[in-house]
Structures are given as C-alpha cells and as structure tokens.
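The primary structure of each chain is shown beneath.
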Amino acid sequence: MTEPGDDVDAIVAAWHRERPDLDLTPLHVLSRVTRLAKRLDLARRDAFAGFDLESWEFDVLSALRRAGAPYRLSPSQLIEATLVTSGTMTNRVDRLQERGLVLRLPSPRDGRGVLVELTAAGAAAVDGALTALLARERALLAGLSAAQQEQLSAALRELSTALP
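Residues numbered from 1 in each chain as written. Predicted model: local features only at pLDDT ≥ 70, side-chain atom pairs only at ≥ 80, totals over all residues. Heavy atoms only, no water.

## What about the overall build of the protein?
Counting its secondary structure elements, the protein contains seven helices and three strands. Scanning the protein from its N terminus toward the C terminus, one meets helices and strands in the order α-α-α-β-α-α-β-β-α-α. For the protein, whose C-alpha radius of gyration is 20 Å, the value lies well above the compact-globule estimate of 15 Å for 164 residues. Overall, the protein is about 65 × 30 × 25 Å in size when its C-alpha atoms are taken along their principal axes. Here the protein displays about 11,200 Å² of accessible surface, and carbon together with sulfur accounts for 57% of that area. The average position of the 20 basic charges and that of the 22 acidic charges among the side chains of the protein differ by 4 Å. (Helix = DSSP H or I, 4+ residues; strand = E, 2+ residues; numbered from the N terminus. Rg over C-alpha atoms; globule rule 2.2 N^0.38 Å. Areas by Shrake-Rupley, 256 points an atom, 1.4 Å probe, with all protein chains shown as cover. Lys, Arg positive; Asp, Glu negative; His and termini not counted. Charge placed at Lys NZ, Arg CZ, Asp CG, Glu CD.)

Right under this line is the structure:
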C-alpha cells in the first residue's frame, strides 16, 4: 500500500516530469522542512499573540529565562543565543525595555558594560507564551508516535550538526 501524497510529492513529480535528468532527492526532505517551518512559524505567532509578544521578543525573553536566576545576560550573550547582529539586539532590548519586559543594569565587572535582566512582567509573558507554544507544538506532532518523534528528532539533530 502506498502512503498518501502531500504537496511536496506533487512538486517533486512535476519537477521530475520537467527535469528527469536531475536527482530531486533533496527536495523530498528539505522542501518538507521548509513547509513545516512555515507552519511552525504561524503556530508560534498564534501562541505568542495571546501574550502580546512577537517571535523575536519571545526569543530574547526566553534566552534570559533559560539563563536561570537572576535572569541576566550580557548583550553579547543575547546575540549568541538569538543569532542576530549587535545593532539588531540593541534595538530589540530598547523595545523590550520600553515595554517593561527587561531592564538594563550596569555590569558589576565592567563599568562601561551592561547586563539585560528579565523583569517580572517579562518572565510572566515568556512563561505563558512557552506554555501556549508547547500546547500548539504537541498538536502539530500528534500524528506521530513517541518513537517516531524520537527518530525524527535524532535525524534532524544529525542533519543540524552536519551543516557548516
């Protein structure tokens, strides 16, 4: 019995018809990853909207929350955790501070440096958003058994660590 096809199967079939000379194997995996990423992004936005957060705000706040008490990181640590430029991070911290979700504090180690600290309001927002996100992600994965989820996670980890 063949498995039901999805939109990627249709795309690959069309390319195979038009370009039978090409090995289309990567499309089977990476086109699905791309399409899943788009769906996940929509689910993230929906989950975060209930807490008046954008995805980028969740990323910064969650980096601070994961740091553990007292929930402080330097801007360079936030840049490393969120993979953005220093100019982007400065803008993001400014906006989060305006909303009362983070504070800038002088660094005790360096008089010129600062630390970014999660406020109680920021912690409440990121904790609520994480709970909502996990519920949505569980729903997205509901069609896979626990064993299938573990296999998929392992395969994606291998791919992720193999990439330059």
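## Brief notes about the UniProt feature "domain: HTH marR-type" (unreviewed entry) in the protein
Per the UniProt annotation, the sites labelled "domain: HTH marR-type" (unreviewed entry) are residues 26–161. For residues 26–161, the end-to-end C-alpha separation is 17 Å, with 69% helix and 9% strand making up the annotated structure. (UniProt positions renumbered as here; feature names shortened; annotations may be inferred.)

## A word on the environment of Val126
For Val126, the location among the structural elements is in helix α6 (residues 120–140). Put simply, Val126 and Phe48 are 78 residues apart on the chain and 8.6 Å apart in space, counted from C-alpha to C-alpha. When sequence neighbours within four positions are dropped, the list of residues in contact with Val126 reads Leu53, Phe58, Leu61, Ser62, Arg65 and Leu118. (Contact = heavy atoms within 4.5 Å.)

## Thoughts on a nonpolar patch on the surface
Together, Val29, Leu30, Val33, Leu140, Leu141, Leu144, Leu152, Leu156, Leu159 and Leu163 make up an exposed nonpolar region whose accessible area comes to about 800 Å². By the element assignment, Leu30 lies in helix α2 (residues 25–49). (Patch = residues over 30% accessible without salt bridge, like charges linked within 9 Å, V, L, I, M, F, W, Y side chains within 5 Å. Salt bridge = Lys/Arg side-chain N within 4 Å of Asp/Glu carboxyl O.)

## Some points on the pattern of salt bridges
Evaluation of the coordinates by the stated rule reveals 12 salt bridges. Asp21 is the salt-bridge partner of Arg19, the closest N and O atoms lying 2.7 Å from each other. Among the salt bridges present, the one from Glu57 reaches Arg99, with a minimum N-O distance of 2.6 Å. Here Glu57 is found in helix α3 (residues 55–66), whereas its partner Arg99 is found in the loop between α5 (86–98) and β2 (102–106), with 42 residues between them in sequence. Residue classification places Glu57 among the buried positions, given a relative accessible area of 4%. The exposure class of Arg99 is partly exposed, given its relative accessible area of 36%. (Buried < 20%, exposed > 50% of the residue type's maximum accessible area, 1.4 Å probe, protein only.)

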